[in-house]
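Each chain is listed here by its residues.
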Amino acid sequence: EADIYQTPRYLVIGTGKKITLECSQTMGHDKMYWYQQDPGMELHLIHYSYGVNSTEKGDLSSESTVSRIRTEHFPLTLESARPSHTSQYLCASQERGGPYNEQFFGPGTRLTVL
Amino acid sequence: AQSVAQPEDQVNVAEGNPLTVKCTYSVSGNPYLFWYVQYPNRGLQFLLKYITGDNLVKGSYGFEAEFNKSQTSFHLKKPSALVSDSALYFCAAVGKAAGNKLTFGGGTRVLVKP
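Treat the numbers as computed from the prediction; the structure is a model and nothing was measured.

Definitions and cut-offs
Residues numbered from 1 in each chain as written. Chains lettered and ligands numbered in written order. Predicted model: local features only at pLDDT ≥ 70, side-chain atom pairs only at ≥ 80, totals over all residues. Heavy atoms only, no water. Helix = DSSP H or I, 4+ residues; strand = E, 2+ residues; numbered from the N terminus. Rg over C-alpha atoms; globule rule 2.2 N^0.38 Å. Buried < 20%, exposed > 50% of the residue type's maximum accessible area, 1.4 Å probe, protein only. Contact = heavy atoms within 4.5 Å. Areas by Shrake-Rupley, 256 points an atom, 1.4 Å probe, with all protein chains shown as cover. Lys, Arg positive; Asp, Glu negative; His and termini not counted. Charge placed at Lys NZ, Arg CZ, Asp CG, Glu CD. Buried area = accessible area lost by both parts, 1.4 Å probe. Salt bridge = Lys/Arg side-chain N within 4 Å of Asp/Glu carboxyl O.

**A closer look at the overall build of chain A**
Item 1. The number of helices and strands found in chain A is zero helices and eleven strands.
Item 2. Beginning at the N terminus, the succession of helices and strands in chain A can be written as β-β-β-β-β-β-β-β-β-β-β.
Item 3. Here the C-alpha radius of gyration of chain A, 13 Å, is about what a compact globule of 114 residues would show, namely 13 Å.
Item 4. Here chain A, with 114 residues, has 49% of them falling under the buried criterion.
Item 5. Sequence separation of at least 24 residues holds for 53% of the intrachain contacts in chain A that already meet a minimum separation of 6.
Item 6. As displayed, chain A has an accessible area near 5400 Å², and 51% of this comes from carbon and sulfur atoms.
Item 7. For chain A, the separation between the mean place of its 10 positive charges and that of its 13 negative charges on side chains is 7 Å.

**Here's the deal with the interface of chain A and chain B**
Accessible area lost upon the coming together of the parts serves often as the stated size of an interface.
Item 1. Across the boundary between the two partners, chain A contributes 28 residues, which contact 22 residues of chain B.
Item 2. Buried surface at the junction of chain A and chain B, summed over both partners, amounts to about 2000 Å²; 54% is from carbon and sulfur atoms.
Item 3. In terms of surface lost to chain B, no three residues of chain A exceed A:Met41, A:Pro99 and A:Tyr100, which account for 30% of the buried area on that side.
Item 4. Taken together, the connections running from chain A to chain B amount to two salt bridges.

Below is the structure:
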């Protein structure tokens, strides 16, 4: 079982609220990722980080932002949530090295914006 | 740009019968290929990967996959399916041009009937 945690697991909020989705890992991995999984199951990379103070946007444009102040922590923030942000958000980590290393996924946060 | 295709949205199989989930990929250069499984309300779990060498890769829970370079395929197989194998299966690929960023297929839902 991978040691990567996401909180909350489920969140229902109203439009316009600011929210932060937490992601933490205890494996000391340098690389971390955020994916958005839509109802059709497909996963889209929205943010990634290769180390402390390093963050990049992914392939899918997202209004969310991320930070990486500590190796183990990679929170995702939405300043003003909208119904279009309703989705499942998955966090993943990967150890240092090449892309041949597998990613470890957290259990996900299912976000519903009313 | 790299891409991964899983041509079947759903695969139905009777318990005890062989299970195959199809995947084809398009990446530049030599690919690294992965299979992940997702159970309800859970994150993705790593099953197996192909890096180099033997085209037949064995993974967790009795699954295996065969890398076929000429057909650019990486089909997932299990000789005898269990009801507990019912889940979502994702194929993923990464090539040198994309750095560390995985591209996922759209997912295939497997339903194993008793």
